[in-house]
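Residue-level structural notes
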Amino acid sequence: MSTTPAPLRLILGDDEFLSARAVSSAIRAAKAADPGADIREFDAGDLVSGALAEAVSPSLFGGQRLLVLRAGQDAKKDLITVLLAYAKAPDPEVSLVVAHAGGAKGKALSDGLRAAGAEIIPAAKITKARERTAFVRDEIRRLGGSCSEDTADALISAVGNDLRELSAACSQLVTDTGGKITIEVVQRYYRGRAEVSGFTVADAAVIGDVPGALEALRWALAVGVDPVPIADALADGVRSVARVAGTTGSGYQLASSLGMPPWKVERAQRQARGWTPEGLVTAMHAAAEVNAAVKGGAEDRAYALERAVLAVARARRGNR
Amino acid sequence: MTVFDELAGQRAAVEVLQKAAGAAAAIVRGDQVPAGAMTHAWLFTGPPGSGRSMAARAFAAALQCVNGGCGTCAACHTTLGGTHADVRFVVPDGLSIAVSEMRALVLRAASSPTQGRWQVLLVEDADRLTEAAGNALLKAIEEPPPRTVFLLCTPSTHPEDVSVTIRSRCRVVSLTTPSAAAIAGVLVARDGASEADAAWAAAAAQGHVGRARKLARDPASRDRRQAVLGIPRKLTSISAAFDAAAMLISSAEEEAAASVSEVSAKEKAELETALGAGGTGKGAAAAARGTAGILKDLERKQKSRATRAQRDALDRALMDLAGLYRDVLAFTLKSGTAPVHADVAEMTRAAAAKWTPESALRRLEAVLACREAIDANVKPKIAVEAMMLSLWQG
Ligand SMILES: [Zn+2]
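**Focus on helix 9 (residues 198–206) of chain A**
Residues and elements named next belong to chain A. Counting buried positions over the 9 residues of helix 9 gives 8, a clear majority of the element. Each element contacted by the buried residues of helix 9 is listed here: helix 10 (210–222), helix 11 (227–244), helix 13 (262–271) and helix 15 (301–315). Of the residues one or two after helix 9, Gly208 is the one with positive phi, at around 80°.

**Side note on the sheet that holds strand 5 (residues 119–122) of chain A**
Residue and element names in this part refer to chain A. With respect to topology, 5 strands assemble into an open sheet ordered 2-3-4-1-5, the strand pairing being parallel. Here the strands that pair on one side only, and so sit at the sheet edges, are strand 2 (38–43) and strand 5. Each strand axis lies, on average, 15° off the axis of its neighbour in the sheet, ignoring direction. Here 4 bridges tie strand 1 (residues 8–12) to strand 5, and the two strands are oriented parallel to one another. By the bridge assignment, Arg9 is partnered in strand 5 with Glu119. Those strands touched by helix 1 (residues 16–33) are strand 1, strand 2, strand 3 (65–70), strand 4 (94–100) and strand 5, and its axis lies near 170° from that of strand 3.

**Comments concerning the interface of chain A and chain B**
Taken together, the contact between chain A and chain B spans 17 residues of the former and 14 residues of the latter. Only helix 11 and helix 14 (277–297) of chain A provide two or more residues apiece to the side of chain A that touches chain B. Considering every element that reaches the side of chain A that touches chain B, the biggest residue donor is helix 14 of chain A, with 11 residues. Grouping the amino acids of the side of chain A that touches chain B by side-chain chemistry returns 10 nonpolar, 3 polar and 4 charged.

**So, the sheet that holds strand 5 (residues 171–174) of chain B**
All names here are of chain B. With parallel pairing, 5 strands are arranged side by side in an open sheet as 2-3-4-1-5. The open sheet has two edge strands, strand 2 (87–90) and strand 5, and neither has a second partner. Neighbour to neighbour, the strand axes of the sheet diverge by 20° on average, direction disregarded. By the bridge criterion, 4 bridges tie strand 2 to strand 3 (residues 119–123) in an arrangement that is parallel. By the bridge assignment for strand 3, Val87 is matched with Val120.

Cut-offs applied
- Residues numbered from 1 in each chain as written.
- Chains lettered and ligands numbered in written order.
- Predicted model: local features only at pLDDT ≥ 70, side-chain atom pairs only at ≥ 80, totals over all residues.
- Buried ≥ 20, exposed ≤ 12 C-beta atoms within 10 Å, placed from the backbone.
- Helix = DSSP H or I, 4+ residues; strand = E, 2+ residues; numbered from the N terminus.
- Contact = placed C-beta atoms within 7 Å.
- Pairing = 2+ DSSP bridges.
- Axes fitted to C-alpha atoms, helices over the stretch in contact; angles between N-to-C directions.
- Nonpolar A, V, L, I, M, F, W, Y, C, P; charged D, E, K, R; others polar.

Everything listed here is a matter of geometry and, on its own, says nothing about what the molecule does.
Shown next, in the form of structure tokens:
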């Protein structure tokens with residue numbers, strides 16, 4: 001898709017996340033259209049009019065050029081004059097992108113660019129709930145997925161109002177679900193989000209539920225659960241199963257001899273189906289290995305945990 | 001008799017130290033000595049149990065004693081007992097030595113000796129110095145006051161144990177793993193153990209002098225060793241493997257508690273007395289406010305010492321276990337080497353009749369891997385459980 005970008009674009013609004021994202025998407029598009037594109041970025045407050053004149057003057061060698069001016073509201077008077085003069089007859093080989101906070105400051109520039117026919121990219125802070133809902137739906141659509149208004153609202157109530165986090169959540173959901181995002185998916189992802197812990201991960205891993213364990217692991221890490229207790233919980237999960245494996249009797253009968261509370265004994269007994277002694281040995285070794293990895297032995301602790309979760313789940317019979 | 005008698009099988013090192021002590025005495029008398037005859041900084045290296053700190057202490061005593069380390073005078077006694085006014089010990093309680101502690105000690109070591117001979121700063125486990133603490137020490141070593149001697153102990157001169165710069169300033173005394181015969185000799189001569197007990201303890205301790213001494217005279221540590229050696233027979237199921245792991249961990253905890261609780265309680269009582277806890281009158285309230293913080297510091301220090309004691313105890317147990325599988329391996333290979341645990345040779349021989357050399361080796365490796373894992377900070381309980389499962393699986 002090599003549509004020529006508009007020669008003049010104005011990113012208008014005071015939301016830093018939206019503004020920064022519009023700038024980087026303009027840069028990405030320019031690079032995609034022409035890997036050798038000449039891309040120059042300036043802070044409007046630092047740029048003197050002479051330098052601007054030089055930046056927009058035709059290149060000797062031709063080729064596309066992208067000029068990004070951040071914080072346009074800080075531009076000095078003579079810079080605005082030069083900019084607006086240029087805007088009247090823009091060079092077709094140069095694409096000018098100006099980010100502007102949209103307030104009263106430097107209004108002459110935003111008004112002038114608008115009058116000159118610049119394409120307006122809105123980046124104002126979102127304050128209304130309806131706009132936020134629209135943002136989420138647009139976001140998911142942009143990533144190739146779809147979701148209803150209700151679903152978008154559910155996501156917002158789970159994640160909060162921060163656009164950056166919402167955007168990250170949208171991209172995670174689209175990646176993990178393939179794009180069909182329903183209210184059930186959102187609820188499953190965010191149910192008791194704060195309570196997602198190492199134990200959730202371990203419980204899923206020891207019953208061989210790989211997708212469930214990996215999902216819980218990712219969320220636990222995403223909400224900032226420390227990898228060390230996750231690794232400990234994984235070992236605890238395997239240990240509990242190993243201790244009850246082959247035992248019969250109620251939780252109460254076994255609790256004291258195993259040194260575990262009755263509910264834990266009973267849960268572990270349910271989880272113990274499908275485990276062989278050899279599988280438990282393998283799983284315990286995986287748990288010990290990741291215990292070292294999360295304490296600084298491994299470069300990527302999240303990856304080490306994923307591998308351990310997989311190893312534990314696969315050690316269970318029939319999970320290969 | 002000399003203070004060096006306790007050093008089992010370290011003749012070469014003792015010779016060097018006695019010579020230097022002689023030169024040091026000459027300096028104290030005001031005689032000229034050849035350059036390098038006495039050195040201000042010493043590094044004692046050797047495997048655990050070879051007696052690094054014992055050698056350093058003996059050398060300190062030889063420096064303070066007018067008879068070059070007779071082992072009987074007050075200077076010798078107080079130095080060896082840790083109460084000599086001019087010998088300061090840095091014994092790391094925790095897993096590392098803090099810079100604040102080191103600065104204070106270095107400062108005191110720079111003062112002139114009260115008894116007219118030498119100021120000695122002895123750092124046991126200098127490999128546990130933090131980088132900052134090492135730098136504080138290095139500064140002092142680089143410009144030593146005329147009558148100050150630094151004695152550092154580390155397992156080796158490897159840069160992981162001691163910084164290259166510190167190493168370059170020190171004269172190295174390397175101790176070797178003493179033979180069982182040398183250890184037994186010391187147990188008989190110094191501790192009055194019977195020949196048979198001494199020989200048994202020396203073999204069981206695998207070259208570790210302190211451990212041999214403990215086995216020879218402490219029944220509780222003999223019992224703990226028996227329990228450890230009984231482990232292989234108990235590994236009959238997964239569940240039993242977890243039980244054995246729990247037993248090993250709790251026994252290490254008990255041993256550690258026994259070794260530190262007494263001194264910890266004493267320390268706390270002393271500190272409380274020094275701080276005037278329970279005092280009344282002017283300033284008592286103000287003192288109480290600061291007191292809480294100081295007590296908390298002490299508690300933190302004691303906790304970290306307890307952790308370290310647990311690790312040490314667990315490591316000894318793992319070494320006993322490793323020795324056991326080594327014996328089985330040696331029997332399966334019919335190598336004819338003397339067993340580490342001669343007293344349970346019947347059991348190890350029986351195991352050797354059932355196992356292949358490969359499976360004995362796998363078990364030995366599982367024990368060594370467990371030690372490494374604990375070194376790499378794996379939770380001891382988890383590492384030991386994984387090991388027990390391997391031992392069960394074979
Ligand atoms: Zn003496």
